[in-house]
Amino acid sequence: MMAGNEWINGYLEAILDSGTSMVDEKPHSKHQAFDMPGGHYNPTKYFVEEVVSGVDETDLHRTWIKVVATRNTRERTTRLENMCWRVWHLARKKKHLEWEDTQRSVHRRWEREQGRRDATEDMSEDLSEGERIDSVGEMVQSETPRQKFQRNFSNLEVWSDDNKGKKLYIVLISLHGLVRGENMELGRDSDTGGQVKYVVELARALAMMPGVYRVDLFTRQISSPEVDWSYGEPTEMLTSRQEDSDGNDIGESSGAYIIRIPFGPRDKYLHKELLWPHVQEFVDGALAHILNMSKVLGEQIGGGQPVWPYVIHSHYADAGDSAALLSGALNVPMVLTGHSLGRNKLEQLLKQGRQSKEDINSTYKIMRRIEAEELSLDAAELVITSTKQEIDEQWGLYDGFDVKLEKVLRARARRGVNCHGRYMPRMVVIPPGMDFSNVVDQEEAPDGDEVSTLSVLIGGSEGSSPKVLPTIWSELMRFLTNPHKPMILALSRPDPKKNLTTLLKAFGECRALRELANLTLIMGNRDDIDDMSSGNANVLTTVLKLIDKYDLYGLVAYPKHHKQSDVPEIYRLAAKTKGVFINPALVEPFGLTLIEAAAHGLPMVATKNGGPVDIHQALNNGLLIDPHDQEAISDALLKLVSEKNLWHDCRKNGWKNIHLFSWPEHCRTYLTRVAACRMRHPQWQTDTPLDDNMASEESLGDSLKDVQDMSLRLSVDGTLNGSLEYGSVEFEKVIAANEDPQLQDQVKRILSKIKKPTPVPTPESNGAMGNTPSHPHPHPYPVLRRRKRLIVIALDCYDSEGKPDAKIVQIVQDIFKAVRSDSQTSRTTGFAFSTAMPISETIEFLKSGKITVKDFDALVCSSGSEVYYPGMHSEDDKNLSPDPDYVSHIDYRWGCEGLKKTIWKIMNSHEDKKAANFTSLIQEDVNSNNAHCVSYLMKDATKAKRVDELRQKLRMRGLRCHLMYCRNSTRMQAIPLLASRSQALRYLFVRWGLNVANMYVILGETGDTDYEELISGTHKTVIMRGVVEKGSEDLLRTTGSYMKDDIVPGESPLISYTNAEARADEISNALKQVAKAVAGM
């Protein structure tokens, strides 16, 4: 056995002897194993080069340690063999994953080119050469850093103090992590990092800008014993501005606030990957707060009219998903900052070859995140990035953004040429702002003063004792033999991508640099390397080995701990020693530490890949290097450390231009860009004196209570329509018997507001509620606005031809009966019918079941593209007209004709048309079409493309819409981006004040492809089992997409169920059950 396995020892020894250099360094020849002395083939070296060098398995060394520790010879041999097979398997798996990734990339490039070509063909108008050129490129070469930085402002009015009379309300959203204003727990976990610090500081800075009245930063409320109690506080004040810069009183609600909205499990802190099913719950909670705040601000500064958000700005994918829905519900502009992007992360993880796409999706919910980012691009007016590299190399990976097509569309828009409904969001570079208040010294000291000052601090002058040093200085100096030497400072976590090992090699192998400078590595906080993640632990282990290899003791500082408050002091120490800050990362998305270092007077050496390029253009305070070139790194560091004049010039330039990265500058640029967006907010065409009426009704209720207190036997109809069980004549007789003149006047005023009661329908009537009759005459406003509850029937039950199933009639009648059985709530409960059918077919179906159309307060038809209020119209149901405000509300980015043409092309590909027996898969459904709904009959649903595949193709062509299959997969419908059955319910909240949390949505176990959207949210959901036998959900997603569990919460107190063939009693119990469960939350 031993003799047969001796070769394993040779291979394993070769693996260990080769070290990390075999992995990092590319061989000079593909077949270097053959280039041995005498031309002999070395199988061991070939094994290492061709197999091991392609494996990124960070724990192989730990496995080897266990093998060595095994004393039993046979067991040791077995482990060695297993380890070799493991290496072979990993290499094979990695090659397969790389092949799959290559295939995906090729197909995606082809799809994008095809989409761009189709879009260009449809937009056949010619553009002049000047219009094809992006204005960004029209810059002269001799620009100052400031001119380069603000190159896009030539045609924009820069935000200034002239805008201080605007009084804007701005909403920011950052959902995940632990967000609070003071004592931020940065680094506590992967969700609580730089983004948390950024959004809090942005909120504070925006609130101090002229023209901004209030900033609300929305996040998740967490009432869990796992975290501090402060994260459970509903509101936290960040800044309060009682007076403006001129000393004028601003208002009590002004300033910046953190608003925490409860969503998901109340007693658990969830990482961002687990928040996805609860996003719609957040949307409804945030919507309620915004509506309330808009009303409050309207009373303070809006002259009684609501003050709507000026913009909704989302941070990261989860906030982008929710902001898209909020923006659509409120019809206000949306701005997006991605921070880090899902497609880029997926690409990087696939390149590592350690996980398949399925494994990555399972761990990170990456496909759900990517779809949220795509949806954010659909809805956003503006996307803010930190660098141009982020636009080209990261956002450029998305279906919804194409750099070339965006330039064409922008040029056409400037020219006033029709884009046929196509749109791309505008991308702008606005580097993050920074707080420089902790930077004390901004004066250039005479040559040598820093060193002499440092000498005084450390050793003291003659006859004096040393000064008290910052604790972190002492911690660093204990590593260094000569702390007076210039300090080369690197500050990053010990991640392989940060490239710290290459920096250490460059320092260790350059004798001149070692003699001139010290190296300080601030690599996060650690207690025990063995407790760290494998990647970080390997970097730290390698760092320690390299320090030992190059004998760098006394030259390199690498403290185990530091506090966030120590960082400025670390920069200050490096500056006093005339040191240099270095960021050698392989790729750096932005490089915030470079700006911090510049603010403290440190020149920089930074990677040429990513954000540092833009920072260097603005500051001109250092040198850029190739992070793979070890010699280039040492040369750049040596140049800055040894050439005093260059060091001083870089320091001056950094200080001179650092204001470009201050928060006031960031906010000024930000508001300038936002002001250039297409501003929109709710504007109702029909004037509705809602507040006055509601105030009157409240006054009416209070007055009647007073009357009841006087022992008058009155029974008030609680539907808020003011009707009384007594007739007005009888009522006046009762009042006349009372001798109190004040009471008589009061009741007369009440009677003037109350309408005469309408006849009560007979028991045979199929009315919604026997005590809440239909209105025989048209009403100026929907009775919906007076409801306290709304029962939404959204059962997608159709036969094989897409016709409504007759059993729905009985179910509707049972629902009416279930609600009517509760006398306390029936008076204030209304009904809505939500369907994919057009209004004509809906009315026909209801009438066929002898259901009065006016039993419904609202009809949501054509998958949410139209909303009707039967009670506002005459008895002739054929004359029902859609809500004009909703029509204008959803019209945003609706390109009907462009969509029709493109959908027809996509559904009938060139290959299909070449077939001899070609017949189109779709046929326009003329009877179901309307101005905001394009409907098609599906001839063969088995050949239909999935919704996510179609949506991808439309996005690549610049088209945005809400696409779905419905009516048992017999129809395909495209409606505006802002329209859907779930968004229609939010519109009813915004328009008529009926809170979504007071709605009950009744569904089947499946439905149309928008079914999942109707389950989630703060509304209560009743799922009726056995009603809908077949829906259209099979046509929603392709294999490898996100899952239903990423949209719908697995368990929720907001969802209850009925058994099959449930009747009125069970429906009533289900409604009560879900209401009781929510009340106990």
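Residues numbered from 1 in each chain as written. Predicted model: local features only at pLDDT ≥ 70, side-chain atom pairs only at ≥ 80, totals over all residues. Heavy atoms only, no water.

- An unreviewed UniProt entry annotates the chain as Sucrose-phosphate synthase of Kingdonia uniflora.
- UniProt lists a comment for the chain under the heading Catalytic activity (unreviewed entry), and it reads "beta-D-fructose 6-phosphate + UDP-alpha-D-glucose = sucrose 6(F)-phosphate + UDP + H(+)". (UniProt positions renumbered as here; feature names shortened; annotations may be inferred.)

**So, the packing of helix H11 (residues 342-352) against helix H12 (residues 357-364)**
Part 1 of the reasoning: Viewed as axis vectors pointing N to C, H11 and H12 meet at an angle of 130°, and their least axial separation amounts to 10 Å. Viewed along their axes, H11 and H12 adopt a mutual orientation that is oblique. Crossing of H11 against H12: the hand is right-handed. Residues Lys 345, Leu 346, Leu 349 and Leu 350 of H11 form the contact with H12, whose own contacting residues are Lys 357, Ile 360 and Tyr 364.
Part 2 of the reasoning: For the contact of H11 with H12, the residue count by class is five nonpolar, no polar and two charged. (Axes fitted to C-alpha atoms, helices over the stretch in contact; angles between N-to-C directions. Helix = DSSP H or I, 4+ residues; strand = E, 2+ residues; numbered from the N terminus. Parallel < 35°, antiparallel > 145°, perpendicular 65-115°, else oblique. Left-handed = near helix turned anticlockwise from the far one by under 90°. Contact = heavy atoms within 4.5 Å. Nonpolar A, V, L, I, M, F, W, Y, C, P; charged D, E, K, R; others polar.)

**A look at the sheet that holds strand E4 (residues 255-261)**
Part 1 of the reasoning: Read from one edge of the open sheet, eight strands run E3-E4-E2-E1-E5-E6-E7-E8, paired in mixed fashion. Sheet topology places strand E3 (235-239) and strand E8 (426-429) at the edges, where each strand pairs with a single neighbour. Along the sheet, successive strands turn relative to each other by an average axial angle of 25°, direction set aside.
Part 2 of the reasoning: Inspection of the sheet shows strand E5 (residues 311-315) paired to strand E6 (residues 334-337) by four bridges, in the parallel sense. Bridge assignment links Ile 312 to a residue of E6, and that residue is Met 334.
Part 3 of the reasoning: Running at roughly 160° to E5, helix H10 (residues 317-330) makes contact with strand E1 (168-173), E5 and E6 of the sheet. (Pairing = 2+ DSSP bridges.)

**Considering the pattern of salt bridges**
Part 1 of the reasoning: Enumeration according to the criterion identifies 42 salt bridges in this entry.
Part 2 of the reasoning: With a shortest N-O distance of 2.8 Å, Arg 410 and Glu 406 are connected by a salt bridge. With a gap of four residues between them, Arg 410 and Glu 406 both fall in helix H15 (residues 403-415), about one helical turn apart.
Part 3 of the reasoning: Judged by its relative accessible area of 14%, Arg 410 is buried.
Part 4 of the reasoning: In this structure, Arg 981 and Asp 1010 form a salt bridge, with 2.9 Å as the shortest nitrogen-oxygen distance. With Arg 981 in helix H37 (residues 981-992) and Asp 1010 in the loop between strand E23 (999-1003) and helix H38 (1011-1015), this pair connects stretches of sequence that are 29 residues apart.
Part 5 of the reasoning: When its relative accessible area of 1% is taken as the criterion, Arg 981 is described as buried.
Part 6 of the reasoning: Taken together, the salt bridges that share partners define one network made up of Glu 371, Asp 378, Arg 951, Arg 955 and Arg 960. (Salt bridge = Lys/Arg side-chain N within 4 Å of Asp/Glu carboxyl O. Buried < 20%, exposed > 50% of the residue type's maximum accessible area, 1.4 Å probe, protein only.)

**Focus: the packing of aromatic side chains**
What characterises a pair of aromatic rings is the spacing of the ring centres plus the angle enclosed by the ring planes.
Part 1 of the reasoning: The final tally for this structure, using the stated rule, is 12 aromatic pairs.
Part 2 of the reasoning: Ring geometry for Phe 218 against Phe 282: centres 6.3 Å apart, planes inclined by 80°, an arrangement best described as edge-to-face. With a gap of 64 residues between them, Phe 218 in strand E2 (residues 212-220) and Phe 282 in helix H9 (residues 279-301) connect regions that are remote in the sequence.
Part 3 of the reasoning: Clustering of aromatic rings is evident, with ring pairs tying together Phe 816, Phe 831, Phe 833 and Phe 856.
Part 4 of the reasoning: Stacked on the ring of Tyr 892, the Lys or Arg Arg 680 has its end atom at 3.6 Å from the ring centre.
Part 5 of the reasoning: Here the guanidinium or amino end of Arg 789 rests over the ring plane of Tyr 1000, the centre of that ring lying 5.0 Å away. (Phe/Tyr/Trp six-rings, centres within 6.5 Å; stacked < 30°, edge-to-face > 60°. Lys NZ or Arg CZ within 6 Å of the ring centre and 35° of its normal.)

**Topic: the side chain of Glu 371**
Part 1 of the reasoning: Topologically, Glu 371 is positioned in helix H13 (residues 366-379).
Part 2 of the reasoning: Judged by relative accessible area, Glu 371 falls into the buried class, the value being 15%.
Part 3 of the reasoning: The residues touching Glu 371, leaving out its near neighbours within four places in the chain, are Arg 951, Arg 955 and Tyr 1042.

**Structural notes on helix H32 (residues 839-848)**
Part 1 of the reasoning: Considered for burial, the residues of H32 that qualify are Ile 839, Thr 842, Ile 843, Phe 845 and Leu 846. Burial along H32 is one-sided: seen end-on, the buried residues are contained in an arc of 165°. Seen from the buried face of H32, the exposed residues on the opposite side, beyond 90 degrees, are Glu 844 and Ser 848.
Part 2 of the reasoning: Buried residues along H32 sit in contact with helix H30 (807-820), strand E16 (829-834), strand E17 (858-861) and strand E18 (866-868). (Arc of directions from axis to C-beta.)

**Quick look at the environment of Thr 672**
Part 1 of the reasoning: Positionally, Thr 672 belongs in helix H26 (residues 663-675).
Part 2 of the reasoning: Relative accessible area serves as the criterion here: at 2%, Thr 672 is assigned to the buried category.
Part 3 of the reasoning: Residues Thr 672 and Leu 156, 516 residues apart in the sequence, show an inter-C-alpha distance of 7.1 Å.
Part 4 of the reasoning: Polar side-chain contacts of Thr 672 include one of 2.9 Å to the backbone nitrogen of Trp 159. (Polar contact = N/O pair within 3.5 Å; in protein donor to acceptor, adjacent residues only side chain to side chain.)

**Observations regarding the environment of Lys 901**
Part 1 of the reasoning: By the secondary structure assignment, Lys 901 is in helix H34 (residues 896-907).
Part 2 of the reasoning: It is 8.7 Å that separates the C-alpha atoms of Lys 901 and Asp 122, two residues lying 779 residues apart in sequence.

**A few points about H30**
Part 1 of the reasoning: The end-to-end C-alpha separation of H30 is 20 Å, in line with the 20 Å expected for 14 residues at 1.5 Å each.
Part 2 of the reasoning: A large share of H30 lies buried, amounting to 10 of its 14 residues.
Part 3 of the reasoning: Where H30 is concerned, the buried positions are Ile 808, Val 809, Ile 811, Val 812, Gln 813, Asp 814, Ile 815, Phe 816, Ala 818 and Val 819. (Expected span 1.5 Å × (residues − 1).)

**Considerations on the packing of H10 against H37**
Part 1 of the reasoning: As a packed pair, H10 and H37 sit with axes 9 Å apart at the nearest point and diverge in direction by 50°. Considering their axes alone, H10 and H37 lie oblique with respect to each other. Crossing geometry of H10 relative to H37 is assigned as right-handed. From H10, Leu 325, Gly 328, Ala 329 and Leu 330 reach across to H37, where they touch Gln 983, Arg 986 and Val 990.

**Thoughts on the environment of Leu 985**
Part 1 of the reasoning: Topologically, Leu 985 is positioned in helix H37.
Part 2 of the reasoning: Looking at Leu 985, the relative accessible area reads 3%, which means it is buried.
Part 3 of the reasoning: Placed 153 residues apart in sequence, Leu 985 and Ala 832 show a C-alpha to C-alpha distance of 9.6 Å.
Part 4 of the reasoning: Those residues in contact with Leu 985, other than ones at most four positions away along the chain, are Val 792, Val 996, Met 999 and Val 1001.

**Let's talk about the nonpolar core**
Part 1 of the reasoning: The biggest cluster of nonpolar side chains holds 99 residues, and the ones touching the most others in it are Ile 173, Phe 218, Phe 282, Leu 326, Leu 330, Trp 395 and Leu 988.
Part 2 of the reasoning: Two domains each provide a minimum of three residues to this core, namely domain 2 (168-241 + 250-416) and domain 4 (781-892 + 979-1078).
Part 3 of the reasoning: The residues contacting Trp 395, other than those within four sequence positions of it, are Leu 336, Gly 338, Leu 341, Leu 377, Val 383, Thr 385, Glu 390, Phe 401 and Met 427.
Part 4 of the reasoning: Core analysis: the second largest hydrophobic core is formed by 72 residues, Trp 473, Leu 480, Leu 594 and Leu 637 among them. (Core = buried A, V, L, I, M, F, W, Y, C linked by side-chain atoms within 4.5 Å. Domains from an automatic or database assignment.)

**Overview of unusual backbone geometry**
With glycine set apart, most residues show a phi of negative sign, and most peptide bonds adopt trans.
Part 1 of the reasoning: We note that Tyr 316 has phi near 85°; this positive angle belongs to a residue other than glycine.
Part 2 of the reasoning: By secondary structure assignment, the location of Tyr 316 is in the loop between E5 and H10.
Part 3 of the reasoning: The class for Tyr 316 is buried, based on a relative accessible area of 6%.
Part 4 of the reasoning: Not every positive phi belongs to a glycine, and Ser 969 is a case in point at roughly 65°.
Part 5 of the reasoning: Along the polypeptide, Ser 969 turns up in the loop between strand E21 (962-966) and strand E22 (971-975).

**Things to note about empty space enclosed by the protein**
Part 1 of the reasoning: Per the counting criterion, the structure on display carries 10 cavities of 30 Å³ or more.
Part 2 of the reasoning: In this structure, the largest cavity occupies an estimated 580 Å³ of space.
Part 3 of the reasoning: As for the largest cavity, its lining consists of 31 residues, of which Leu 325, Leu 375, Arg 951, His 962 and Glu 1013 are closest to the centre.
Part 4 of the reasoning: Within the residue set of the lining of the largest cavity, elements represented by two or more residues are H9, H10, H13, helix H36 (947-956), E21, H37 and H38.
Part 5 of the reasoning: The leading source of residues in the lining of the largest cavity is H13, at five residues. (1 Å grid on protein atoms, 1.4 Å probe; cavity = no way out; pocket = protein on both sides within 12 Å on 5 of 7 lines; lining within 4 Å. Points joined across faces, edges and corners; volume = space filled by probe spheres on them.)

**Thoughts on the pairing of E1**
Part 1 of the reasoning: The buried count for E1 comes to six of six residues, which makes it a mostly enclosed element.
Part 2 of the reasoning: By the alternation rule, side chains of E1 split into Leu 168, Ile 170 and Leu 172 and Tyr 169, Val 171 and Ile 173, which are all buried.
Part 3 of the reasoning: Of the pairings in the sheet, the one linking E1 to E2 comprises six bridges and is parallel in character. Bridge pairing links Leu 168 to Val 212 in E2.
Part 4 of the reasoning: Of the crossover connections in this fold, the one passing from E1 over helix H8 (residues 194-207) to the parallel E2 is right-handed.
Part 5 of the reasoning: Of the strand pairs in this sheet, E1 and E5 are connected by four bridges, and their pairing is parallel. The residue of E5 that forms the bridge with Leu 172 is His 313. (Right-handed = clockwise from strand over helix to strand, strands pointing away.)

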